[in-house]
Amino acid sequence: MDLRTMTQSLVTLAEDNMAFFSSQGPGETARRLWDVFAGIREQALGLEPPLGHLLGKAHLFDLDAETPANGFRSLVHTARCCLAHLLHKSRYVAANRRSIFFRTSHNLAELEAYLAALTQLRALAYYAQRLLDTNQPGRLFFEGDERLIADFLREYVTLHKGCFYGRCLGFQFTPAIRPFLQTISIGLVSFGEHYKRNETGLGVTASSLFTSGRFAIDPELRGAEFERITQNLDVHFWKAFWNITEIEVLSDSKELSSLVKSEGPRSLELRPRPQQAPRSRSLVVHIHGGGFVAQTSKSHEPYLKSWAQELGAPILSIDYSLAPEAPFPRALEECFYAYCWAVKHCALLGSTGERICLAGDSAGGNLCFTVSLRAAAYGVRVPDGIMAAYPATMLQSTASPSRLLSLMDPLLPLSVLSKCVSAYAGGETEDHSDSDQKALGMMGLVRRDTALLLRDLRLNASSWLNSFLELSKHKAHTNLVPVVEPMRRSVSEAALAQPEGPLGTDSLKSLTLHDLSLEGSSETSENPELSLSAETLASSTPSDVNFLLQSEGTVEGAKAQEEMSTKDRSRGVGAAFPEGFHPRRSSQGATRMPLYSSPIAKNPFMSPLLAPDSMLQSLPPVHIVACALDPMLDDSVMFARRLRSLGQPVTLRVVEDLPHGFLSLAALCRETRQAAALCVERIRLILAPPDPRAAAAPV
């Protein structure tokens, strides 16, 4: 059913139900039912025009005709899911409203919940339309000036979210996922109560968390508490909750439990194993996800074991240090060194190393790209290919149509995503006097305060260096390089100092800490390639960041962008809504979410989407598996488009109706198993590429 037909059918049913309940007398229930159907009629009619506008332009942002996927399409699909549910419920009410078995209270509560969701989706459609009208053609990420982006995000995060976490939880996903999401949401809000009462979670089992009675039977209460937690609690809460769930999963396996039990001092000693079977030609190096702040290799073991069996290849999973205790570039450094070790010691891993694949999901996908960039810059063997599942390639604080989906995503809310990125960037800011923070316990407070002290020392050193470089601008460039070089190596920039090679690394030499300073330089390079690098990494406004497909730097494009930014500032964020429309606002107070992006987030080793062309051209073939309903979808689409524009081999497969993190749910249902099998298929293409001669042979 197309959008117009669906809207008209819903409006007709709403009007029919309004007429019926208006004739049922002055009762409170009849009045509320009339009100809810009047609201459904109003919101459906108001939602159709912006959705039609988005759908008419969405094809301009696809990778190609065979891959119709981007945030605009996903937002329209999500709104259609909500409309379809309301259409089904309206038909049910029309058919059963006279029955003595009609559950009036239950149906009214569900209709009110989905009306609230439809209202918020209408607000998101207007925001997406604003992005579409503001950005230049082909750009998915919002590129106003920094104040405008902050205003946009500040306005966006005030929207009410609880309606998406109660009765409507996971309505956009495949039905097999919804019971799991409900279980997780109950566990989350229950753990939030323990956390609020200054309990660290020790002694709390997952079985007691995930079966909390009042949150299980009261969806509205669960939704309100879920919103409070996601909006206000810090990254340490999320680390604690994810650790509780991971420990419970591990405890179900006696074999795994025996491995983690302490049995005296242990030492790691690698010995060549007896040759019971020939070594595999292939090796998979895996980097796990978890927002850079949580999870371990063990939490990904279930699907990695099946991968190893299906591929017939050993898999080395890297258990890297996590933020905020170990911020950027610690994870990158550890993963890069582990990758180098694996390349050099393939024999110890049961492989000849003829074919090496880097694979990772979410934050691990980001690290796969950056490890490959680092390997290319150092002259280390790059992998033969990368398989990245729903990777994060843009860590700068900005908006895109798919990021708007984080308003309703129970696994990746925007505030949680922002806190994880802030922790990884080393710029986490918290109010330590709040009672919620005291739940960390004494050792947790010591670890956190130590991490904050190290962060402050690092930021102060960086600020001092930036000031020093500002004072040294008048010196010759040859005098500047030796001063910057020692600090470069401490932030994963040592690779940029390599001599020029066949990949054009000379252009990378301009990427110094000065490019990441808090004050942008007004100087420009005469070399176009150098100018691109400086513009990509300088701490200018996001509108200056060059990472898109068409040629940049033209006078016409600059004038158009300037006029667009001026127009946006004069309109204000509220102008995104038509007169008379007022979305629901959150009642949870101010959101603790960093709205300004750290300058280091523009570093290509942190946001590979912002890397210069010369760096991206060093990547091996890339295979991306993304989720259509993932807030990070636009990261995958834009990264694939950039690689395609550079002539780099890249594939993008987008799975429908599954959430971010489906690999960890691989055993949950048929859809997640199929998506996990698609990842294995992509890895197999890297480890055993098809013979081009066989493909060209006549049949």
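See above for the structure.
What counts as what
- Residues numbered from 1 in each chain as written.
- Predicted model: local features only at pLDDT ≥ 70, side-chain atom pairs only at ≥ 80, totals over all residues.
- Heavy atoms only, no water.
- Core = buried A, V, L, I, M, F, W, Y, C linked by side-chain atoms within 4.5 Å.
- Buried < 20%, exposed > 50% of the residue type's maximum accessible area, 1.4 Å probe, protein only.
- Helix = DSSP H or I, 4+ residues; strand = E, 2+ residues; numbered from the N terminus.
- Salt bridge = Lys/Arg side-chain N within 4 Å of Asp/Glu carboxyl O.
- Pairing = 2+ DSSP bridges.
- Axes fitted to C-alpha atoms, helices over the stretch in contact; angles between N-to-C directions.
- Contact = heavy atoms within 4.5 Å.
- Phe/Tyr/Trp six-rings, centres within 6.5 Å; stacked < 30°, edge-to-face > 60°.
- Right-handed = clockwise from strand over helix to strand, strands pointing away.

1. Side note on the nonpolar core
Membership of the largest hydrophobic core comes to 184 residues, with the highest contact counts inside it found for L124, W307, Y424 and F662. In terms of residues, this core owes the most to one element, helix α4 (residues 104–134), which gives 17 residues.

2. Quick look at the pattern of salt bridges
Here the structure, examined in full by the defined rule, presents 23 salt bridges. For R32, the salt bridge goes to E112, with nearest N and O atoms at 2.9 Å. Linking R32 in helix α2 (residues 28–57) with E112 in helix α4, this pair joins segments that are 80 residues apart in sequence. Residue classification places R32 among the partly exposed residues on the basis of a relative accessible area of 32%. The class of E112 is partly exposed, set by a relative accessible area of 28%. Put simply, K89 and E110 hold a salt bridge, and the shortest N to O gap is 3.5 Å. One end of the pair, K89, is in helix α3 (residues 71–96); the other, E110, is in helix α4, with 21 residues separating them in the sequence. For K89, a relative accessible area of 10% puts it in the buried group. Of the residues examined, E110 reaches a relative accessible area of 15% and is grouped as buried.

3. Some details on the sheet that holds strand β5 (residues 622–627)
What links the strands of a sheet is backbone hydrogen bonding, and the strands pair in either a parallel or an antiparallel sense. With parallel pairing, the six strands of this open sheet are ordered in space as β2-β1-β3-β4-β5-β6. Only two strands of the sheet have a single partner each, and these edge strands are β2 (315–318) and β6 (650–655). Ignoring which end each strand starts from, the neighbouring axes of this sheet average 20 degrees apart. Of the strands in this sheet, β1 (280–287), β3 (351–361), β4 (385–389) and β5 are in contact with helix α14 (residues 363–378), which crosses β3 at around 135 degrees. Against the sheet, helix α22 (residues 670–687) contacts β1, β3, β4, β5 and β6, and its axis sits at roughly 145 degrees relative to β3.

4. What about the packing of aromatic side chains?
In total, this model carries 20 aromatic pairs according to the counting rule given. Arranged with centres 4.9 Å apart and planes meeting at 50 degrees, the rings of F61 and F72 form a pair that is tilted. With a gap of 11 residues between them, F61 in the loop between α2 and α3 and F72 in helix α3 connect regions that are remote in the sequence. Both residues of the pair, F61 and F72, belong to the buried class. Judged by centre distance (5.4 Å) and plane angle (20 degrees), the rings of F336 and Y378 are stacked.

5. Some details on the pairing of β6
Here β5 pairs with β6 via six bridges, running parallel. Its bridge partner being in β6, V622 is matched across the sheet by V650. Running through helix α21 (residues 633–645), the crossover from β5 to the neighbouring parallel element β6 is right-handed.

6. A closer look at unusual backbone geometry
For the bond running from A323 to P324, omega is 0 degrees, close enough to zero to count as cis. On the secondary structure map, P324 appears in the loop between β2 and α13 (330–344). Between F328 and the following residue, P329, the backbone shows a cis peptide bond with an omega angle of 10 degrees. In this structure, P329 sits in the loop between β2 and α13. In the Ramachandran plot, Q295 falls in the positive-phi region, its phi being about 70 degrees despite a non-glycine side chain.

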